[in-house]
Amino acid sequence: MQRVHFSAQDLARTVVKVAERPLVETLFALDLLARQGGGDAYASWRRRTTSRLGRRSGSLLTLARTLRTVPDLLRMAEDAANPETGTERQNLTVMLEEFHKVALAPYWDRVSAALNDDCASRGRTVLSGGIERLLSTLHPSVRWDGGVLEIPSHRSQDVVPNGAGLLLAPSLFLTDRPVLVPAAGRNRPPMLAYPASAGAIEVVLAAPAAEQNAADALGPLVGRTRAAIMKSLTDSCTTTELGRRIGISAASASQHTSVLRSAGLITTQRRLNTARHSLTPLGAALLDGFHHRDLAQARL
């Protein structure tokens, strides 16, 4: 159990806002992907992200599974940002930046809006019931009792903010528990990240609209039906499901996937009588190439 001990000054300086350290949400997303967490609501995002990471996913997911706790990963990442650290740790910074570009950046406008909506909702709780009402309703596993906020944890720890207060930050990728993150420096508040009430996660993390433009542009190269198949396979599925998604028969879908598989653009895993298709890193890179081209043209 972790316990945050509040003074009157700490209560006065406790705020609800989106995390000041963007790296934190990136690490929560990496942890969610490593644990295969979040249930069905995150399934499409997990498959799309893993497909686009390709071979890069292995080392990142191994790191997340080895360290397990987000505070440990955060400490390593922030140490790695120091130019005096060794090359190995600086490589961690590059890996996390690449992960952010694939896993969060395409959705960030919607993610940011969902987080700010949650902050606004919590703010209304403070207006109607005060900061103690907010702390007592933050999450079912968190307990507010006589000036002490108790947070479930595998370790026992007492935290005294010393007048700096507490930063309460919603997270879209923290789904099952709150996490206490140490203060970023002296006279800075510790942060308690908690699962955001974001509504329809599938909508927030839906494939970016620009992917449709990329698929349209890809059509003249591989054919419109095969381009639609590639776009659809950012979320892997069976042959029957694929046919339903793009409005063709399962037999026709099977013929098109055979051509795409021969070209190395998709891969197929067979189990009993079911074939499940996914984009290969090459296929994902091809879609991304057209996506980046569309963005570049939009800026002109």
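Above: the structure in question.
Residues numbered from 1 in each chain as written. Predicted model: local features only at pLDDT ≥ 70, side-chain atom pairs only at ≥ 80, totals over all residues. Heavy atoms only, no water.

S.K.: Please clarify how the side chain of Thr280 should be interpreted in this entry.
M.R.: Within the fold, Thr280 resides in the loop between β11 (274-279) and α13 (281-299). For Thr280, a relative accessible area of 13% translates into the label buried. Side-chain polar atoms of Thr280 contact the backbone oxygen of Gly264, separated by 2.7 Å. Apart from residues lying up to four places away in sequence, Thr280 is in contact with Gly264, Leu265, Ile266 and Thr267. (Helix = DSSP H or I, 4+ residues; strand = E, 2+ residues; numbered from the N terminus. Buried < 20%, exposed > 50% of the residue type's maximum accessible area, 1.4 Å probe, protein only. Polar contact = N/O pair within 3.5 Å; in protein donor to acceptor, adjacent residues only side chain to side chain. Contact = heavy atoms within 4.5 Å.)

S.K.: In this structure, what is going on with the sheet that holds strand β9 (residues 237-238)? I would like to understand it.
M.R.: Sheets are built from strands paired through backbone hydrogen bonds, the pairs being either parallel or antiparallel. Taken in spatial order, the three strands line up as β9-β11-β10 in an open sheet, and their pairing is antiparallel. In the strand order of this sheet, the two ends are held by β9 and β10 (266-271), each with one partner. Here β10 pairs with β11 via six bridges, running antiparallel. Across the sheet, Thr268 pairs through a bridge with His277, a residue of β11. Each of β10 and β11 is contacted by helix α12 (residues 250-262), which is oriented at about 120° to β10, the strand it contacts most. (Pairing = 2+ DSSP bridges. Axes fitted to C-alpha atoms, helices over the stretch in contact; angles between N-to-C directions.)

S.K.: I would appreciate a short explanation of the environment of Leu233 in the present structure.
M.R.: Relative to the helices and strands, Leu233 is located in the loop between α10 (224-232) and β9. Residue classification places Leu233 among the buried positions, given a relative accessible area of 1%. Taking the C-alpha atoms as reference points, Leu233 and His277, separated by 44 residues in sequence, lie 7.0 Å from one another. With residues near it in sequence (within four places) discarded, Leu233 still touches Leu242, Ile266, His277, Ser278 and Leu279.

S.K.: Explain unusual backbone geometry here, please?
M.R.: Residues apart from glycine generally show negative phi values, whereas peptide bonds are mostly found in trans. At Gln36, a position not held by glycine, the phi torsion is positive, near 55°. Tracing the sequence through the fold places Gln36 in the loop between α2 (23-35) and α3 (43-53). For Gln36, a relative accessible area of 48% translates into the label partly exposed. Located in the positive-phi region is Asn162, a residue other than glycine, with phi close to 55°. Assignment of secondary structure puts Asn162 in the loop between β5 (157-159) and β6 (167-171).

S.K.: Would you mind going over the packing of aromatic side chains with me for this structure?
M.R.: Two measures describe an aromatic ring pair: the distance that separates the ring centres and the angle between the ring planes. Applying the stated criterion to the full structure yields three aromatic pairs. The interplanar angle of 75° and the centroid separation of 5.3 Å between the aromatic rings of Phe6 and Trp144 together place this pair among those described as edge-to-face. Placement of Phe6 in the loop between β1 (2-5) and α1 (8-12) and of Trp144 in strand β3 (residues 143-145) is noted, with a sequence separation of 138 residues between them. Measuring from ring centre to ring centre gives 5.0 Å for Trp45 and Phe173, while their planes differ by 50°; the resulting arrangement is tilted. With Trp45 in helix α3 and Phe173 in the loop between β6 and β7 (179-181), this pair connects stretches of sequence that are 128 residues apart. The same class applies to Trp45 and to Phe173, which are both buried. (Phe/Tyr/Trp six-rings, centres within 6.5 Å; stacked < 30°, edge-to-face > 60°.)

S.K.: Is there a simple way to explain α2 in this structure?
M.R.: Since the α-helix turns once every 3.6 residues, residues separated by three or four places project in the same direction. Its 13 residues give α2 an end-to-end C-alpha distance of 18 Å, which sits within 8% of 18 Å, the value for a rise of 1.5 Å per residue. For α2, the buried fraction is high: eleven of the 13 residues fall into the buried class. Buried within α2 are the following residues: Val24, Glu25, Thr26, Leu27, Phe28, Ala29, Leu30, Asp31, Leu32, Leu33 and Ala34. (Expected span 1.5 Å × (residues − 1).)

S.K.: Honestly, the pattern of salt bridges in this entry has me stumped. Any pointers?
M.R.: One pass over the structure, following the stated rule, counts eight salt bridges. The closest approach of N and O atoms between Arg3 and Asp158, which form a salt bridge, is 2.9 Å. On the criterion of sequence distance, the pair formed by Arg3 in strand β1 and Asp158 in strand β5 is long-range, its members being 155 residues apart. For Arg3, a relative accessible area of 19% puts it in the buried group. Linking Arg35 and Asp31 is a salt bridge whose minimum nitrogen-to-oxygen distance equals 2.9 Å. One end of the pair, Arg35, and the other, Asp31, are both in helix α2, four residues apart, so they sit about a helical turn from each other. With relative accessibility at 26%, the residue Arg35 sits in the partly exposed group. The buried category is assigned to Asp31, whose relative accessible area is 2%. Through salt bridges with shared partners, a single network forms among Asp31, Arg35, Asp176 and Arg177. (Salt bridge = Lys/Arg side-chain N within 4 Å of Asp/Glu carboxyl O.)

S.K.: When you look at the side chain of Asp10 in this model, what are you seeing that I'm missing?
M.R.: Along the chain, Asp10 falls in helix α1. The side chain of Asp10 sits in the buried core without any salt bridge; Arg13 is the nearest counter-charge, 6.9 Å away. A distance of 2.7 Å separates a polar side-chain atom of Asp10 from the backbone nitrogen of Gly163. If sequence neighbours within four positions are ignored, Asp10 has contacts with His5, Pro161, Asn162, Gly163, Ala164, Gly165 and Leu166. (Lys, Arg positive; Asp, Glu negative; His and termini not counted.)

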